[in-house]
Amino acid sequence: MRRLEDMTLEELWQLFPIILTAPDSRWKEWASQEISNLQSILGDLISQLNHIGSTAIKGIWAKPIIDLLLETDKTGNFPLLRNLLTSAGYICMKERESRLDFNKGYTPVGFAEKVFHIHVRLTGDNDEIYFRDYLNSHSDVAKDYEELKISLWKQYEHNRDGYTDAKTDFITHITTIAKQTE
């Protein structure tokens, strides 16, 4: 069986397609459990840890993947965070100077029941929180976002980058409004 790390991006997109599901009451609980798990692994390396993404928005369809935003105070923590998280079974998917991205719940045969994306950022690099909070306070805008996602779903089912890119203008626009109204 091939390791995920050895697969091409196209192979990964086939194995892990975009799937949208109706809201699931378990998402909040799973996020809380994973936050506790990360806090026990990383302790004071974390300055903030938040549930973000569509599973954190009330009442909308979402990819059943729990996104967590982990903020830390300095990039000097990144090598240690990377080592601790990979030792705990997370897969480092992207590594840049001021960001790390990890996955958990991706298996060589597809998604596990619980799937997580951990976005490691410097403190204050958290536009996703503005977007989440705005949509949770404006259900009409949340429904517009849901409609956009559903309209893109099948077109980009095996192209995560295309799916994300197609949502960017909407997200940027709403995040700008959210930051202005804070």
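Our structure is the block above this text.
Residues numbered from 1 in each chain as written. Predicted model: local features only at pLDDT ≥ 70, side-chain atom pairs only at ≥ 80, totals over all residues. Heavy atoms only, no water.

## Considering the nonpolar core
Worth spelling out the cut-off: Residues grouped as a nonpolar core are buried Ala, Val, Leu, Ile, Met, Phe, Trp, Tyr and Cys residues, joined through side-chain atoms within 4.5 Å. Relative accessible area decides the class of each residue, using a 1.4 Å probe on protein chains only: under 20% of the type maximum gives buried, over 50% gives exposed, and in between gives partly exposed. A run of DSSP states H or I qualifies as a helix once it reaches four residues; a run of E qualifies as a strand once it reaches two. Both are numbered from the N-terminal end. Residue contacts are counted whenever heavy atoms from the two residues lie within 4.5 Å of one another.
In this structure, Leu38, Leu42, Leu68, Phe102, Ile118 and Val120 are the most contacted members of the largest nonpolar core, which totals 23 residues. Those elements that provide at least two residues to this core are α2 (26-42), β2 (66-72), α3 (78-87), β4 (99-107) and β5 (110-122). Non-local contacts of Phe102, meaning those with residues more than four positions away in its chain, are made with Arg82, Leu85, Thr86, Tyr90, Ile91, Cys92, Met93, Phe116, His117, Ile118 and Val120. Listed in part, the 11 residues of the second largest apolar core include Ile60, Phe131, Leu135 and Phe170.

## Observations concerning the packing of α2 against α3
Counted only if it meets this: Axes here refer to lines fitted to C-alpha atoms; in helices the fit is confined to the stretch in contact. Angles between the N-to-C directions go from 0 to 180 degrees. For classification purposes, angles smaller than 35 degrees are called roughly parallel, those larger than 145 roughly antiparallel, those between 65 and 115 roughly perpendicular, and all remaining angles oblique. Each crossing gets its handedness from the near helix: less than a right angle anticlockwise from the far helix is left-handed, clockwise is right-handed. For this scheme, ten residues count as nonpolar: Ala, Val, Leu, Ile, Met, Phe, Trp, Tyr, Cys and Pro. Four count as charged, namely Asp, Glu, Lys and Arg, and the remainder, Gly too, count as polar.
Orientation of α2 relative to α3, taken along the N-to-C sense of each, is 120°, at an axis distance of 10 Å. If you check the angle between α2 and α3, you find them oblique. You can see that α2 and α3 cross each other, and the crossing is right-handed. In this structure, α2 contributes Leu38, Ile41 and Leu42 to the contact, and α3 contributes Leu81, Leu84 and Leu85. Tallied by class, the residues present in the contact of α2 with α3 amount to 6 nonpolar, no polar and no charged.

## Quick word on the environment of Leu81
Relative to the assigned elements, Leu81 resides in helix α3. The spacing of Leu81 and Val120 is 39 residues in sequence and 8.7 Å in space, taken between C-alpha atoms. Ignoring sequence-local partners within four residues, the contact set of Leu81 consists of Leu42, Leu45, Thr72 and Val120.

## Here we look at the pairing of β2
For the record, the criterion: When DSSP finds at least two bridges between two strands, those strands are taken to pair.
Within β2, 7 of the 7 residues are buried, which leaves it mostly tucked inside the rest of the structure. Residue alternation in β2 divides its side chains into two sets, Ile66, Leu68, Leu70 and Thr72 and Asp67, Leu69 and Glu71, and both sets are buried. Note that strand β1 (residues 48-52) and β2 share 5 bridges and pair antiparallel. Opposite Asn50, over in β2, you have Leu69 as the bridge partner. In this sheet, β5 lies alongside β2 in parallel orientation, the contact comprising 7 bridges. By the bridge assignment for β5, Leu69 is matched with His119.

## A word on the sheet that holds β4
Taken together, 5 strands build an open sheet; the order of strands is β1-β2-β5-β4-β3 and the sheet is mixed. Edge strands, defined here as strands with exactly one partner in the open sheet, are β1 and β3 (91-96). For this sheet, the mean inter-axis angle between neighbouring strands, taken without regard to orientation, is 20°. Alignment of β3 against β4, held across 5 bridges, turns out to be antiparallel. Opposite Cys92, over in β4, you have Phe102 as the bridge partner. Along the sheet, α3 makes contact with β2, β3, β4 and β5, crossing β4 at roughly 5°.

## Remarks on helix α6 (residues 160-180)
Going by this rule: A helix is expected to span 1.5 Å multiplied by its residue count minus one.
Between its terminal C-alpha atoms α6 stretches 29 Å, which fits the 30 Å expected from 21 residues at 1.5 Å a residue. All of the buried residues along α6 are Arg160, Gly162, Tyr163, Lys167, Phe170, Ile174, Thr175 and Ala178. The inward-facing, buried residues of α6 contact α1 (9-15), β4, β5, α4 (127-137) and α5 (139-153).

## Topic: the packing of aromatic side chains
To keep it simple, the criterion reads: Classification of ring pairs uses Phe, Tyr and Trp, with its six-membered ring standing for Trp, and accepts pairs whose centres are within 6.5 Å; under 30 degrees between planes counts as stacked, over 60 as edge-to-face, and the remaining range as tilted. Over a ring means this: the NZ of a Lys or the CZ of an Arg is within 6 Å of the ring centre and within 35 degrees of the ring normal.
Per the counting criterion, the structure on display carries 7 aromatic pairs. For Lys179, the ring lying beneath its charged end belongs to Tyr130, and the centroid distance is 5.5 Å.

## What to know about the pairing of β4
Residues in a regular strand point their side chains to alternate faces of the sheet. With antiparallel pairing between neighbouring strands as the criterion, β3 and β4 make up a hairpin whose turn holds 2 residues. In the sheet, β4 pairs with β5 via 8 bridges, with the strands oriented antiparallel. Pairing of Tyr106 across the sheet is with Phe111, part of β5. Hairpin geometry of β4 and β5 is characterised by an intervening segment of 2 residues between the two adjacent antiparallel strands.

In short, shape yes, function no, at least from these values alone.
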